[in-house]
Amino acid sequence: MSDVNLKSGPFAYSSSRSSCSSSSSSSCSSSSPCYLISSLMSSASSNSPFENGVMLYMVYLSKEELQTFKQLLVDENPRPGSVQITWDQVKTARWGEVVHLLVEFFPGRLAWDVTHDIFAKMNQTELCLRVQMELNDILPNLEPEDLNPREMPVNLEEGESDKIQEYKLHIMDEYSMIRIVTTWFGTHVDFFYQDIERHERFLPCLFLPKRPQGRQPKTVVLQGVAGVGKTSLAKKVMLEWAENKFYPHKFWCAFYFHCTDMAQVDEQSFSELIAHKWPGARSLMSKIMSKPDQLLLLFDGFEEVTLTLTDRPADLSDDWSQKLPGSVLLTSLLSKKMLPEATLLITLRFTSWRKLKPFLKHPSFITLTGFSMMERAKYFRTYFRNKRDADEALSFVMGNTILFSMCQVPVVCWMVCSCLRQQMERGADLAQSYPNATAVFVQYLSSLFPTKPGRLPSNTHQKQLAGLCYLAAEGMWNMRWVFDTKDLEQAKLDKTAVATFLRVNIFQRVAGDRDRYAFAVISFQEFFAALLYVLCFPQRLRSFWVLDRVQIIRLITYPGRKKNYLAQMGLFLFGLLNETCASAAGKSFGCKLSLGNKKKLLKVAALSYECNPPTVHHGVPQLFYCLHEIQEEAFVSQILSDCQKAALIINKKKDMQVSAFCLKHCQRLRDLELTITLTITQVCSLHPDPLHSTEPESSDQCFLWWQDFCSVFRTHENLEVLTVTNTSMETESVKVLSTALRHPGCKLQKLILRCLHPSMLNEDLIQVLIENRYLRYLEIQVTEVRCEAMEFLCTALKSPQCYLQCLRLEDCSVTPKCWVDLARDLGSNKHLKTLMLRSSCLETFGAYCLSVAQLEKLVLENCDLTLLTCKSLTSSLKSNEMLTHLSLAENALKDEGAKQLCSALQHPACPLQRLVLRNCALTSDCCQDLASALDKNKNLRSLDLGFNSLKDDGVNLLFEALTKPKSGLQILELDKCLFTSVCCQTMASMLLHNQSLRYLDVSKNDIGHRGIVLLREAFQQRKWKEKVVLETKQNYAPSMMTRLEGPVVKNKILRIVQDWSADCWDEARWIE
């Protein structure tokens, strides 16, 4: 269904456009283009027309500079054979349309060359540099220049031009209403519309050429929830095209199609469809179709039809004059079988994307989100007029982020304002009147519902309400938004009921000839669908409509990575189960309610709760939002009582609020993974006019929610692990977190910090190592550790109050001096047992580490260690009596380095039990020394030599050493060591005589059929010994800790890890 066609226009747009700031301005206002780009591109949850766009620097031109640019562009000499740009084509063009025109008229790199030359003439040195940088970046992928000159525009005769103008006048007359109508169906005098300014700014950029090829999008999808203005924006495109303001250089004909246009007729051709829109087009049809690349086709209303797009390519047609069924015609156009050169603009709800996805070719997406936060605030200010009332209403709504987010839909924003005004006029307490967002809908929709004041509701009223709720629920479960007479009969809604719902604006009639209806606002359908499951039905065996387990799961979870279209219905259901809200709903609607489904929700939600890995689109579990809406702490605590792990991505303020609320009730929480992309700031004083400030009230509230969130670290005694990833916080926010982690009640044991902004590693956070006596593990990954942060870390490590046992620094940018300082101070910490470093240039740092007498486990992976380093390591290894685990993986030690280490391994006092020399550029030349070490060292239990070119000669030496009866090695990893069946005889002999080996990895080696036979015979002969289990490797990229600890072994079981072919595997099936 297209957006609700409220002739009242909260979906309307202002004709005024904000001016661009000058290119060199040091600051940008909220209405400036540079502010717009930064705000849009920073939004990870939505696609904007700017995403991957080319020549975005054009937005920095002021109005005057843009006019100068266009004048110089008209004066530019095009390449031979192409068409000269005229002033009429650029006169009204905005910056995005100018970019499109440049790429259209100057293919390949010529567009950038022309732009550079014009900027040079304008003395725009900085912009010249930006042009050159962008060209260098995209040149390898840039589409080649078109060898054919651009086609001439359509040549119209005088009479034909008049017909085009008549059509444009008709369009202007039809669509200009979106600007001037100011009431909703004429029934609410307080209703008014407000421009969605951001959508207005989208218009000139809808077809902005994209990276990497600089290609102009030919199919653009405007997507968003119902009511945010998709249809209105599409109609605004038509209006501006008729006024010669929308891409005048490109589109000489534009047509708006509602999908019902194709569903009403059994068969019609595309030319007939156009003629229906524009009767005068019949005589121009051949000319219209002669320039399909200059056609703009807009499609809307996919949710209002039941057409099934055909997936049979043979049914499609490229003949625009051929009569076709509606579904075939629509599919032919969408899939570009018909008129492949035409440009398509399609409006969709998120729920319709799956239906259209298989048919669209290279679509470009633009997400419309409705009112921004500032636009919502502006709406409240304008609606209430009285500043005191506006402040009170806005403060209340901002305190409920779920309700505030609903106000992104303009008509809902008005509805909320209207309800709040009525309560404020009565002197009511808003917090008591509205315990949750659902309560606002209860008040508004019950006021629409036809009840007789002063009398008990009649039986007719009860039936109408039940039928309406049934219709809404059936539609929600089956993704149906339009209902015909059959659906109404099934819901037992007669003509009188339908007429009543139309009159009070609960229903609206859908465009078309047949009697089809939809809820006036999608939120109405979601609300009444939820209401069905709290209504009481005394005449039924069960007095309420029971939700089954599958339905509950659908309401409270996300389906994979997709948005849950039932999420709002789920919110309303939980909101209606709030006892205060349920009581108000019963009185307002004049009906009995049942909370019978509450027990079912409690049981299913508690059992099914899983905090799956989050995604950018839904980083907080949907269940959290539902639980926040019910606002009953005992109920929430019961559902979350068994929650032990949570992974959250905090993108929005509502994510913070609902997470803070729910985490307090996860008393058994042990592991929390947290990503915060939201800016949390504390504002000391309120700006006198919030409309012109940076949302201070909301910022302060968010800061308080963050404090509430962090309180779980001091109240949840089971919380042991905190992982913070991909996060940048202000200093004050880090201080809140640090204070919570330093609290005596915080029993955190592991703190993992990954991909953080370096400023977060400040003194407050590092001080946690000293003041939290439970903390044992600190991990920092992919984060710059500045000198100041390293000083704080060294100071903490030297403190006797630091009980850290494991320090892990991986892929951290650290200066050489800081490494030396860290190594020097490690010896001061008597508790540190494990040190893990990776991807750092450490040089002789390893010797420092091994000199730390208390270290038991050391990892120096991919640290550019050399032969010289190995000599220092060897010396320290001989004197270290505690070190049991050492990993030097991914260092080019080569054979000489390995030999140095082997000399230390042969020392009788060497305590090493696990040695990892994986991918260290070793060959067979070092294997004799390794074999000698295996023979003499009885402490070594685990050896990883994977990804070294040991080949058959080297592996034979190792297997011969393990054949000796006194060998104590239990784990040997030889994956991808380039050996063949040649060494399998020695391996078979080793397997027959070795009594200690419990794990052998020979994967990624080609031992062939002969090798398999030899090993099979060995396995058969040792049946009386340990059980042999053949395995395939499950994890080819283990973590540093997993690699350091090595595989887990079991007594009386020998695990052979291999990747033999299926045939070889079948031959070895007898091994159990």
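Everything quoted here is computed from the prediction, not taken from an experiment.

**A word on the packing of helix α17 (residues 387-398) against helix α19 (residues 410-425)**
One can describe the packing of α17 onto α19 by two numbers: an axis separation of 11 Å at closest approach and a directional angle of 120°. The chirality of how α17 crosses α19 is right-handed. Contacts between α17 and α19 involve D389, E392, A393, F396 and V397 from the first element and V416, L420 and M424 from the second. When its residues are assigned to classes, the contact of α17 with α19 shows 6 nonpolar, no polar and 2 charged.

**Here's the deal with the packing of aromatic side chains**
Counted according to the given criterion, the structure contains 40 aromatic pairs. Ring centres of Y247 and F251 lie 6.0 Å apart, and the angle between their planes is 55°; on these two criteria the pair is classed as tilted. Pairing Y383 with F384 gives two aromatic rings, centres 5.1 Å apart and planes at 75°, and the pair type is edge-to-face. The pair formed by Y383 and F384 is uniform in burial state, with each residue classed as buried. Joined through ring pairs, the aromatic side chains of F441, F449, F483, F501, F507, Y517, F519, F527, F528, F572 and F589 make up one cluster. The cationic tip of R349 hangs over the ring face of W481; the distance from NZ or CZ to the ring centre is 5.5 Å. K598 extends its terminal NZ or CZ atom over the ring of F635, reaching a point 5.7 Å from the ring centre.

**Considerations on the pattern of salt bridges**
Under the counting rule described, the total for this entry stands at 40 salt bridges. A salt bridge links E243 to K245; the nearest nitrogen and oxygen atoms lie 3.5 Å apart. On the basis of relative accessibility, which here comes to 23%, the residue E243 falls in the partly exposed class. Between E632 and K598 there is a salt bridge; the shortest N-O distance is 2.5 Å.

**Here we look at helix α35 (residues 731-742)**
Along an α-helix, residues three or four apart share an orientation, since each turn contains 3.6 residues. Compared with the 16 Å implied by 1.5 Å per residue over 12 residues, the 16 Å span of α35 between its first and last C-alpha is a close match. Along α35, the residues classified as buried are S733, V734, V736, L737, S738, A740, L741 and R742.

**Quick word on the pairing of strand β4 (residues 295-300)**
Burial within β4 is extensive, with 6 of its 6 residues counted as buried. Residue alternation in β4 divides its side chains into two sets, L295, L297 and F299 and L296, L298 and D300, and both sets are buried. The pairing of strand β2 (residues 253-258) with β4 spans 6 bridges and is parallel. Looking across to β4, one finds that Y256 is bridged to L298. Where β4 lies against strand β6 (residues 343-348), 4 bridges are found, and the strand directions are parallel. Its bridge partner lying in β6, F299 is registered against I346.

**Description of the environment of L737**
Structurally, L737 can be placed in helix α35. Take L737: its relative accessible area is 4%, and that puts it in the buried class. A sequence separation of 27 residues divides L737 from C710, and the C-alpha atoms of the two residues are 5.9 Å apart. Ignoring any residue separated from it by four or fewer positions in sequence, one finds L737 in contact with W706, C710, F713 and L722.

**Quick word on the pairing of β6**
Burial analysis of β6 places 6 of its 6 residues in the buried class, the great majority of the element. In β6, alternate side chains face the same way, and those of T343, L345 and T347 on one face and L344, I346 and L348 on the other are all buried. When strand β1 (residues 219-223) meets β6, the two strands line up parallel, connected through 5 bridges. Counted as the bridge partner of T219 is L344 from β6.

**What to know about the confidence of the model for the protein**
The predicted model of the protein averages 84 in pLDDT, with 85% of residues at 70 or higher. The low-confidence segment residues 1-46, where pLDDT is below 50, has 130 contacts with residues more than four positions distant or belonging to other chains.

**Let's talk about the side chain of S332**
Mapping S332 onto the fold places it in helix α14 (residues 326-334). In this structure the side chain of S332 is engaged in a polar contact, spanning 3.2 Å, whose partner is the backbone nitrogen of S317. Leaving out residues up to four positions away in the same chain, S332 has contacts with L316, S317, L324, K337 and M338.

**Digging into the sheet that holds β1**
With respect to topology, 5 strands assemble into an open sheet ordered β2-β4-β6-β1-β7, the strand pairing being parallel. One side of each edge strand has no neighbouring strand; the edge strands of this open sheet are β2 and β7 (364-367). Strand-to-strand, the axes of this sheet are offset by a mean angle of 15°, without reference to chain direction. Most of the contacts of helix α12 (residues 270-277) go to β2, to which it runs at about 95°, and overall it touches β2 and β4. Taken strand by strand, α14 contacts β4 and β6, and its axis lies near 125° from that of β4.

**Considerations on unusual backbone geometry**
Positive phi values are uncommon outside glycine, yet K336 reaches one of about 70°. Positionally, K336 belongs in the loop between α14 and β6. Judged by relative accessible area, which is 11%, K336 ranks as buried.

**As for helix α45 (residues 984-993)**
Listed in full, the buried residues belonging to α45 are C984, T986, M987, A988, M990 and L991. On its buried side, α45 packs onto α44 (951-963), β22 (999-1001), α46 (1008-1021) and β24 (1053-1057).

**Details of the packing of helix α5 (residues 110-121) against helix α6 (residues 125-138)**
Their axes nearest at 9 Å, the elements α5 and α6 cross at an angle of 165°. Relative to α6, α5 is oriented roughly antiparallel. The hand of the α5/α6 crossing is left-handed. Where α5 approaches α6, its residues W112, D113, T115, H116, F119 and A120 are matched on the opposing element by L127, C128, V131, Q132, E134, L135 and I138. Residues that form the contact of α5 with α6 fall into these classes: 8 nonpolar, 3 polar and 2 charged.

Conventions adopted
- Residues numbered from 1 in each chain as written.
- Predicted model: local features only at pLDDT ≥ 70, side-chain atom pairs only at ≥ 80, totals over all residues.
- Heavy atoms only, no water.
- Axes fitted to C-alpha atoms, helices over the stretch in contact; angles between N-to-C directions.
- Helix = DSSP H or I, 4+ residues; strand = E, 2+ residues; numbered from the N terminus.
- Left-handed = near helix turned anticlockwise from the far one by under 90°.
- Contact = heavy atoms within 4.5 Å.
- Nonpolar A, V, L, I, M, F, W, Y, C, P; charged D, E, K, R; others polar.
- Phe/Tyr/Trp six-rings, centres within 6.5 Å; stacked < 30°, edge-to-face > 60°.
- Buried < 20%, exposed > 50% of the residue type's maximum accessible area, 1.4 Å probe, protein only.
- Lys NZ or Arg CZ within 6 Å of the ring centre and 35° of its normal.
- Salt bridge = Lys/Arg side-chain N within 4 Å of Asp/Glu carboxyl O.
- Expected span 1.5 Å × (residues − 1).
- Pairing = 2+ DSSP bridges.
- pLDDT = per-residue confidence, 0-100.
- Polar contact = N/O pair within 3.5 Å; in protein donor to acceptor, adjacent residues only side chain to side chain.
- Parallel < 35°, antiparallel > 145°, perpendicular 65-115°, else oblique.

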